[in-house]
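A closer look at the structure
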Amino acid sequence: MESCRLPIELCEAIMDAIPSSDEYITPDEYDTLVACRETCLSWSVRAKAILDTHWCLKSPQSVGLFVSALRSSAQVASRMESIVHLELDWGQYSGPPYLSQSMDLFMTSLPSSISSLIFFSVVVDLSPRVLRMRLPFFSRLTVVQFFSVTFDTLGIMLDFIWACPNLESLTLELYWYGGTPPTRESVVRFQNAREYRHGCQKLRQLRICHAYGFHHPLTRLPVGGALFGSALTRLDFTIDNFVLDGNITPFIQGAFPQLQHVYIWMIERVVVAYEGPSMLHYLAAGLGSHELLEEIYFDTRCCNGVVWDGQAWCERIVGRADEWGGRNLRSLFAPSLKSLLIVIRDGGREEEEICTQQVLSAFPDASDLFTIESHPVLLSRPDTPTTQV
């Protein structure tokens, strides 16, 4: 293996960009890191250090080999103590991606360093009896993320989440779960079960993501916010094509008394005509009584050649003057609210001005709350505002 001939600054910049998240590695990033490990000596050391903390098992068979290695000897197990994030990515697996094929994983004493479990393209069909056994496997997990995941029933999804007593961060990008959406009566029963099992007592962050081409998970959890406990301080929604209908209002209404931050990540892939209340309208209806709420953050971007339409987008976010009928913006939320931030991706000064005019048209009193920013690339969280409304 040769040494790297590129400038060290360029090598560091490349490796710093992989992975894009401290919590998980996407399937493409994992393959990239494996390739970097084989490129040259300097890249190999850096890539190996990342891969040692992020392990990806790409089939039930690889899960079996992983479990066998753990059980083979204490020496082998000790070498795995560097693992922090364990991924099950079965997107390329040709067989049925049922998690029940890998039951041994949940019955095994894993390295104590593992605190994060990520699923890609898996059908979670575990028995409720297994999930209620209080297995040590689940007690160490503080981060669980489901991407493109199917659950047999809503009950199995909740059993899995509640089986993790130390869970702090949860991501849900669901394809589907079986059965019918819960009614208010069934939610009460689930809520009683959650309290009995002390579920989600430490959950601080919940991310609900929209899998492109599928219904938003909120259409299957229209009144389910209380099922995720009362400790939540941050709530994220990822939305395709600006579809955020009235399901969000009953989901957050009366739930999450500790909520401080709400983040809405919006991606427009195709031009969609929208006639209805604004996103701020739905949020105000659900969050108006949240006394600790400090920040509402909107992040907007378009892809697939869709052109940014400033006035239409801002109308979807904040609404028009006639929607609010002259109401004061501060009257919609608790006095604790300090910031309403709109970020425009791949925008500039012109887009900022269009959005600013729309905001002030709807809320002339909004200058001390609303901030408009534009950024050329998607950042995890912008730091410096560029335009104050």
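As a reminder, the structure under discussion sits directly above these lines.
How each quantity is defined
- Residues numbered from 1 in each chain as written.
- Predicted model: local features only at pLDDT ≥ 70, side-chain atom pairs only at ≥ 80, totals over all residues.
- Heavy atoms only, no water.
- Buried < 20%, exposed > 50% of the residue type's maximum accessible area, 1.4 Å probe, protein only.
- Helix = DSSP H or I, 4+ residues; strand = E, 2+ residues; numbered from the N terminus.
- Phe/Tyr/Trp six-rings, centres within 6.5 Å; stacked < 30°, edge-to-face > 60°.
- Pairing = 2+ DSSP bridges.

Here we take up helix α12 (residues 279-287). Most of α12 is tucked away, with 7 of its 9 residues classed as buried. Taken as a whole, α12 has its buried residues at M279, L280, Y282, L283, A284, G286 and L287.

Our focus in this paragraph is the packing of aromatic side chains. Applying the stated rule across the entire model yields 19 aromatic pairs. Judged by centre distance (5.7 Å) and plane angle (5°), the rings of F106 and F138 are stacked. Of this pair, F106 sits in helix α6 (residues 103-106) while F138 sits in helix α8 (residues 136-139), placing them 32 residues apart in sequence. Taken together, a centroid distance of 5.7 Å and an interplanar angle of 85° make the contact between F119 and F160 edge-to-face. Of the two residues, F119 sits in strand β3 (residues 116-120) while F160 sits in helix α9 (residues 154-162), which places them 41 residues apart along the sequence. Among the residues examined, F160 registers a relative accessible area of 0% and is labelled buried. Through successive ring pairs, a cluster of aromatic residues spans F106, F119, F137, F138, F146, F151 and F160.

This next bit is on the pairing of β3. The element β3 is largely enclosed, with a buried count of 5 among its 5 residues. The alternating pattern of β3 places S116, I118 and F120 and L117 and F119 on opposite faces, both of which are buried. Of the pairings in the sheet, the one linking strand β2 (residues 85-89) to β3 comprises 5 bridges and is parallel in character. For D89, the partnering residue across the bridge sits in β3 and is F120. Here β3 pairs with strand β5 (residues 143-151) via 5 bridges, running parallel. Bridging across to β5, S116 finds its partner in V143.

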